[in-house]
Amino acid sequence: DALEAQAIEQFTALGKTAHAKAAMALVAQATSHPNLFVFGEILELPNIAELASLPDGKPWHDLLRLFAYGTYHDYLQNEQALPQISEGQLRKLKTLTLIGVASQHKILPYDLLLEQLGMPDVRELEDLIIEAIYTGLIRGKLDQKSRHLEVHYSRGRDVQPERVPELMNTLQHWCENSERLLREIRTKADDVATAQEQHREYQRNLSAKVAGIRTAVRAQESMMPLGEFDSLDHYREEEARRGKGRPRMRTMEYMQDAERRR
């Protein structure tokens, strides 16, 4: 968001001129900043990268990498080799761990989160989740009865450079599958369009045939001599009456029969 973008801009500007102890202080400030949750651009700064080659600076460089890519468990495993961090930094690291786990799973059981975040009780866990939801880092729903977090959205974290080829391959595979599906959809759409046009053509032909039959029937009826009948309806009623119990005579045969009876 805007606040994070502003913080990144501020720290990258400071990092271009910070050396040694000033660079270490910048790492401490960046990992403590309440609105900063990505650190890749700061890690790429030459003066910050230089810390990795300094005896006093390497622990600070490792700390920044931990906040960029690591988890609370990673911190516990390397705590002795890292600078001492404040309660605020520790809570932020747990929040980053929550973001990472939430980006991988849609349903997060409380027991899993309690173990991943090293928290003693559910109340503390729910406070951290609610805070993350309030700040927009994740979106989801707490289910206290089922004891899990249902994740609807989680923001991303920094990507380790060594993972970029793997992600590129995954993205390439996704693009290829998307293109294949798009071709299949287009083929199906063309088939549907062809079937619809064939159906419309069938309907047009059928309508034309029906219209032709109606025209022929009207023409035939207009030429029909009614003879002893005073109307066409009377003729049809008489024809229907006489046709009961025997096959119905064709129109011309009935006309000839009427002429003979005269």
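Look a little higher up for the structure.
Description of the structure in this document. Keep in mind that this is a model prediction, so the values were computed, not measured.

Rules behind the numbers
- Residues numbered from 1 in each chain as written.
- Predicted model: local features only at pLDDT ≥ 70, side-chain atom pairs only at ≥ 80, totals over all residues.
- Heavy atoms only, no water.
- Helix = DSSP H or I, 4+ residues; strand = E, 2+ residues; numbered from the N terminus.
- Buried < 20%, exposed > 50% of the residue type's maximum accessible area, 1.4 Å probe, protein only.
- Lys, Arg positive; Asp, Glu negative; His and termini not counted.
- Salt bridge = Lys/Arg side-chain N within 4 Å of Asp/Glu carboxyl O.
- Polar contact = N/O pair within 3.5 Å; in protein donor to acceptor, adjacent residues only side chain to side chain.
- Contact = heavy atoms within 4.5 Å.
- Pairing = 2+ DSSP bridges.
- Axes fitted to C-alpha atoms, helices over the stretch in contact; angles between N-to-C directions.

Overview of the side chain of Glu126
Thought 1: As for its placement among the helices and strands, Glu126 is situated in helix α9 (residues 122–134).
Thought 2: Although Glu126 lies buried, it forms no salt bridge, and the closest oppositely charged side chain, Arg123, sits 6.1 Å away as judged by the N-O distance.
Thought 3: Only 3.2 Å separates the side chain of Glu126 from the side chain of Gln144, close enough to count as a polar contact.
Thought 4: Discounting residues that sit within four places of it in the chain, Glu126 has contacts with Tyr110, Leu142 and Gln144.

Thoughts on the sheet that holds strand β1 (residues 107–109)
Within a sheet, adjacent strands bond to each other through the backbone by hydrogen bonds, running parallel or antiparallel.
Thought 1: Read across the open sheet, the 3 strands follow the order β1-β3-β2; overall the sheet is antiparallel. With partners counted over all chains shown, the strands left at the sheet margins are β1 and β2 (138–143), one partner each. Neighbour to neighbour, the strand axes of the sheet diverge by 25° on average, direction disregarded.
Thought 2: Here helix α7 (residues 87–102) sits on the sheet in contact with β1, β2 and β3 (148–154), set at roughly 85° to β3.
Thought 3: Helix α8 (residues 110–117) contacts β1, β2 and β3 of the sheet and is inclined by roughly 70° relative to β1.

Notes on unusual backbone geometry
Thought 1: Phi angles above zero are rare outside glycine, and Ala20 is one such case at about 50°.
Thought 2: When you line up the elements, Ala20 lands in the loop between α1 (2–15) and α2 (21–32).
Thought 3: A relative accessible area of 33% means that Ala20 is categorised as partly exposed.
Thought 4: A positive phi angle, close to 55°, is found at Arg147, a residue other than glycine.

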